[in-house]
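So the chains spell out like this:
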Amino acid sequence: MDLIELRDIHKTYNLGEVDVPVLRGISLQVGSGDLVALMGASGSGKSTLMNILGCLDRPTSGEYLLEGREISGISAKKRAKLRNHMIGFVFQSFNLLARMTAFENVLMPLMYCRNRLSEREMERRTAELLEKVGLADRSHHRPSQLSGGEQQRVAIARSLVNRPQVLFADEPTGNLDSRTSEEILLLFQQLNQTEGITLIIVTHDPGVAQHAQRIIRIKDGQIESDAVFSRTAGLS
Amino acid sequence: MKLYFTLKMALNALRHNVMRATLTTLGIIIGVAAVITMMEIGKGASLAIQRAMAAIGANTVVILPGSLTIAGVATGSGSVITLTPQDGDAIQKECSSVHWIAPIVRARVQVVYGNLNWVPTYVYGTTPRFLDIRDWADMAEGEAFTDHDVLNSSKVCIIGQTVVKELFGGQSPVGRHVRIRNVDFKVIGVLRRKGANLMGLDQDDILLAPWTTIKYRVVASTLSGGNQSSSNVASTAETNQLSMIYPYLQQNLYYTQTTTEQLDASPPIRFPNVDQILCAAHSSELVTSTVQDVSTLLRQRHRLRDSDSDDFYVRDMTELTRTMASTSELMTKLLLCVAMISLVVGGIGIMNIMLVSVTERTREIGLRMAVGAEPGDILRQFLAEAVVLCLLGGTIGTLIGRGSSYVISLVLRWPTAVSAGAIIAAVLVSASVGITFGFYPAYKASKLDPIEALRYE
C-alpha cells in the first residue's frame, strides 16, 4: 500500500464569476520512504498540489488516500490533527517565530499534540533533534541571531519533532546560497535514508531535483512527466 | 493545550512588546483604579452618612407598652403597664442584632433653679446607654452619669443646651443644683447642641437622669395612673377648673373610666415599669430583624398565647431607613455607571490592539495552524492574551486605586473604607472585559485560512 495516493484530483478556484481550474485531474502514488521532487513553472499548480497533499487545503473533487484512508472530505479540525502528527512542513522563508528561541520554535508543534508528552520528554526530544541538525549549541539563540542555513535547520528540526511520516518542503533552498543549500539537501537525504521519512520537495531548481529518486513535473495543472531514477547521482 | 501553556504563551507574547501592552492596558488600569478609588471613597462617604443617620436614630427601635381598650375605646399606647427594666436587660442579652438598649421613664415636670423655672419637653430617666444610642456621648461640659448612679438612684442629672439657656442664662451649670418636685439634683454635665429633630421638636430641651431616680424619687407619686403619657386618665377624676367656669365645655371627647372600672381593667402594679425601651440595632439593615427578635422575645417574656395580640408596640424609623437605603442605592448606581463607562472604553482599547496584533501575526497564526493548531487553539491563545492583559491591568489598577484612596484619605481627610467587594468585582469585571473584547479578534484569528495566512506579507 502506498503512503499517498491521489485519484483524479481537481482544484478549481472561484474568482467572482469565473472559475479558474488549477489542478485538472492529478493521479499519483508516493510510496513510503520515497524522495520525490515536484517541479513546475510558477502558476503550474505545484503549490496548490502541495497544499492539498499537506492537508492544508481540500480538493474540489477527487480522492486523497493517506495511508489508505480517504481524507479529502474531512473537517478542518481533523486535518489540523493529521498535520500535527503525520506531516511536517519546511518553508522557503523558514517561518520561525521571531520572539522565540530556536529551542522554543522546535518545541512548539508538540504543544498542539493531543496526547501530550510530559514536559521533560518534550524537552528531551527537542534537544535531540537540535543535536541531529547540528545546532545543539545554538538552541537558545533567536532566529535573528542565526544564519539562513541555521534557521532552515531549525525549521527542519521543528518539522520533525512530532515524528511525521511525510515531510513537505516548499522551495527549501530558495533563500539560501548554494553551499548551504547543498548542506540542507544532504540533511534531507540523510533523513530519508536513515529515518525512512518520505520527502516531497517542491522546487523549480533542477539542481535540487537531482537529489531526488523521482521527479514529477507539473504543467498547467496536469502531470507532464513522472520519472523515476535509481539511486541518485548527487549522493555519491 | 493545557492552561499552563496557554498562559505561558500569552505572557511570552506580551513580554515581547511591553510598551504596547502597557499602553493597551492603561485604559483598564485607569478604569479599575477609578472604580476602586470611587468605591472606597463612596463607601467611606456612605459610612459617614450612615453614622449621621444613626445619630438621628435610623437604626433605633422604640418599644412602647400596649394600648388599653375599654368598651371599644382605645386609650392609646402607654395606657397599660407591660414593659419592665428586666425586659430591656433580656433584649440586650438575647437579641444578637441589638447593640444597645436604654429603658426610659418619662416625666413632665418643672425644673427650678434659683428664681427661674422651666418645663423641659423631655425629662427622661434612663441609663448612660441612651447617650450612645442617640450618638450623644461626648458632652459639651462635665460628664454623663454612670451605671453606678443608676443603681444608686443618685440625684444627678445632665441637661441640654436649651435648659441651660433658660435656667442658667449662659452660665456654666455644672456643679449647681436644680430642684425637680422638690428633689435636689446636681447638674453634672451639659449635652452637646443637637438642634431640632425631623419633626421640628427641640432636642436640646432635655433633662436626663438615672431612670431609678426619676422613677422612684420624682414620679413615684403619680404611679397610680399608669405612666406619664396616659396621666390624663388619672387626672380627670380631679376637679377641673375650666369646666366650672365654662360648664358646657366638653372636657373629654371620649368615655372616661370610673374608678371602679379602672381598678377592674388595669392590671395591678406588681413590678417597676418603664415607659419605653430604646434599642439600637448594630446597623440599619438589621432593624427589621431586630423588630422581629424583640417582638418574639417580649411575647415569650409576657407569656402571651398565640391568640393574644401583642401587649406592646415596636416602632422603627421606617422613613429614615428608607431614605438611607435609597441614598446608598443611588450612590452604588452612580458608581456603577462611571465604572461601566471607563471599563467599556478600556475594553475597546484592548480590542483595537488585539485586532492589530492578529493582523501583525497572521504568518505566525498560519504557521501554528500548519503544524497542527486547531482553530480552537488559536482562539484560546488570543483570548488568553486579552484576558491576561486585562487581569494585569485590573491588578495594577486595584493597587493604584488602593494607593490613591489611601492618599486621598490622608491628604483630604475624607473617610475611606477598604471594599473587598470592589476589588473582587474589579478583577472579575476586568477578566470579563478581556473575554468580551478579546473574543472578536481571537475569533477572527481562528477563522484564518492557513494557506492565506502563511502567504501573508
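Notes on the structure in this doc start here. (Residues numbered from 1 in each chain as written. Chains lettered and ligands numbered in written order. Predicted model: local features only at pLDDT ≥ 70, side-chain atom pairs only at ≥ 80, totals over all residues.)

**Brief notes about the overall build of chain B**
Phase 1 of the analysis: Tallying secondary structure elements over chain B gives 16 helices and 14 strands in all.
Phase 2 of the analysis: The buried share of chain B, taken over its 457 residues, is 42%.
Phase 3 of the analysis: Put simply, of all contacts in chain B between residues at least 6 apart along the chain, 80% involve residues at least 24 apart. (Helix = DSSP H or I, 4+ residues; strand = E, 2+ residues; numbered from the N terminus. Buried ≥ 20, exposed ≤ 12 C-beta atoms within 10 Å, placed from the backbone. Contact = placed C-beta atoms within 7 Å.)

**A short note on the overall build of chain A**
Phase 1 of the analysis: Along its length, chain A carries seven helices and ten strands.
Phase 2 of the analysis: Within chain A, the fraction of its 236 residues that count as buried is 43%.
Phase 3 of the analysis: For chain A, the proportion of contacts with a sequence separation of at least 24, taken over those separated by at least 6, is 70%.

**Here's the deal with the packing of helix H14 (residues 375–411) of chain B against helix H15 (residues 420–446) of chain B**
All names here are of chain B.
Phase 1 of the analysis: Packing of H14 against H15 leaves a shortest axis separation of 7 Å and a crossing angle of 150 degrees. Considered as vectors, H14 and H15 are oriented roughly antiparallel to each other. Judged by the twist between their axes, the crossing of H14 over H15 is right-handed.
Phase 2 of the analysis: Counted by class, the contact of H14 with H15 contains 22 nonpolar, nine polar and no charged residues. (Axes fitted to C-alpha atoms, helices over the stretch in contact; angles between N-to-C directions. Parallel < 35°, antiparallel > 145°, perpendicular 65-115°, else oblique. Left-handed = near helix turned anticlockwise from the far one by under 90°. Nonpolar A, V, L, I, M, F, W, Y, C, P; charged D, E, K, R; others polar.)

**Notes on unusual backbone geometry**
Phase 1 of the analysis: Positive phi outside glycine occurs at A:Cys55, with the angle close to 60 degrees.
Phase 2 of the analysis: Within the element layout of this structure, A:Cys55 appears in the loop between helix H1 (46–53) and strand E4 (61–66).
Phase 3 of the analysis: The buried category is assigned to A:Cys55, around which 26 C-beta atoms lie within 10 Å.
Phase 4 of the analysis: Despite not being glycine, B:Arg181 has its phi angle at roughly 45 degrees, a positive value.
Phase 5 of the analysis: Residue placement: B:Arg181 occurs in the loop between strand E10 (177–180) and strand E11 (183–190).
Phase 6 of the analysis: Taking the number of C-beta atoms within 10 Å as the measure of exposure, B:Arg181 has 15 and is therefore partly exposed.

**Overview of the interface of chain A and chain B**
Phase 1 of the analysis: Taken together, the contacts link 17 residues of chain A with 17 residues of chain B.
Phase 2 of the analysis: Sort the elements by how many residues they give to the side of chain A that touches chain B and helix H2 (residues 76–86) of chain A lands first, with six residues.
Phase 3 of the analysis: For the side of chain A that touches chain B, the per-class residue count stands at nine nonpolar, three polar and five charged.

**Regarding the packing of helix H3 (residues 102–111) of chain A against helix H5 (residues 148–160) of chain A**
Residue and element names in this part refer to chain A.
Phase 1 of the analysis: Following both chains from N to C, one finds H3 and H5 inclined at 30 degrees, their axes separated by 7 Å at the closest point. Between H3 and H5, the interaxial angle falls into the category roughly parallel. By crossing handedness, the relation of H3 to H5 is classed as right-handed. Between H3 and H5, the residues in contact are Ala-102, Asn-105, Val-106, Met-108 and Pro-109 and Val-154, Ala-157 and Arg-158, respectively.
Phase 2 of the analysis: Within the contact of H3 with H5, the residues separate by chemical class into six nonpolar, one polar and one charged.

**A few points about the sheet that holds strand E6 (residues 87–90) of chain A**
All names here are of chain A.
Phase 1 of the analysis: Taken in spatial order, the six strands of this open sheet run E6-E7-E8-E3-E9-E10, and their pairing is mixed. Bordering the open sheet on either side are E6 and strand E10 (222–228), each of which pairs with just one other strand. Geometrically, the sheet is characterised by an average inter-axis angle of 20 degrees between neighbouring strands, direction not taken into account.
Phase 2 of the analysis: Both strand E3 (residues 35–39) and strand E8 (residues 198–203) contribute to a ladder of five bridges, which runs parallel. The partner of Met-39 across the bridge, within E8, is Thr-203. (Pairing = 2+ DSSP bridges.)

**As for the sheet that holds strand E1 (residues 4–15) of chain A**
All names here are of chain A.
Phase 1 of the analysis: In spatial order, the strands read E2-E1-E4-E5; together these four strands make up an open sheet with antiparallel pairing. Looking at strand neighbours, the two that pair on one side only are strand E2 (18–30) and strand E5 (69–70), the edges of this open sheet.
Phase 2 of the analysis: Pairing of E1 with E4 involves five bridges; the strand directions are antiparallel. Paired with His-10 across the strands is Ser-61, a residue of E4.

**Looking at the environment of A:Ala102**
Residue and element names in this part refer to chain A.
Phase 1 of the analysis: Relative to the assigned elements, Ala-102 resides in helix H3.
Phase 2 of the analysis: As for Ala-102 and His-141, which are separated by 39 residues in sequence, their C-alpha atoms are 5.9 Å apart.
Phase 3 of the analysis: Discounting residues that sit within four places of it in the chain, Ala-102 has contacts with Leu-130, Leu-135, Arg-138, Ser-139, His-141, Leu-146 and Val-154.

**Some words on H3(A)**
Phase 1 of the analysis: Burial analysis of H3(A) places nine of its ten residues in the buried class, the great majority of the element.
Phase 2 of the analysis: Looking only at H3(A), the buried set comprises A:Ala102, A:Phe103, A:Asn105, A:Val106, A:Leu107, A:Met108, A:Pro109, A:Leu110 and A:Met111.

**Here we look at the nonpolar core**
Phase 1 of the analysis: Residues A:Leu38 and B:Ala386 are the most contacted members of the largest nonpolar core, which totals 111 residues.
Phase 2 of the analysis: With eleven residues, the top contributor of residues to this core is helix H2 (residues 18–56) of chain B.
Phase 3 of the analysis: Once residues within four sequence positions are removed from consideration, B:Ala386 is found in contact with B:Ile350, B:Met354, B:Gly434, B:Phe437, B:Gly438 and B:Ala442.
Phase 4 of the analysis: B:Val98, B:Val190, B:Leu191 and B:Val219 belong to the second largest nonpolar core, which has 53 residues in total. (Core = buried A, V, L, I, M, F, W, Y, C linked by C-beta atoms within 7 Å.)

**Quick notes on helix H6 (residues 178–195) of chain A**
Residue and element names in this part refer to chain A.
Phase 1 of the analysis: Over its 18 residues, H6 runs 25 Å from end to end, which matches the ideal 26 Å to within 8%, given 1.5 Å per residue.
Phase 2 of the analysis: The set of residues buried in H6 consists of Ser-181, Ile-184, Leu-185, Phe-188 and Leu-191. Each buried residue of H6 lies within a common arc of 115 degrees when the element is viewed along its axis, so the set occupies one face. Along H6, exposed side chains directed more than 90 degrees from the buried face belong to Arg-179 and Thr-194.
Phase 3 of the analysis: Looking at the buried residues of H6, the elements they touch are H5, strand E7 (166–170), E8 and helix H7 (206–209).
Phase 4 of the analysis: At the C-terminal side of H6, Gly-196 shows a positive phi close to 70 degrees. (Expected span 1.5 Å × (residues − 1). Arc of directions from axis to C-beta.)

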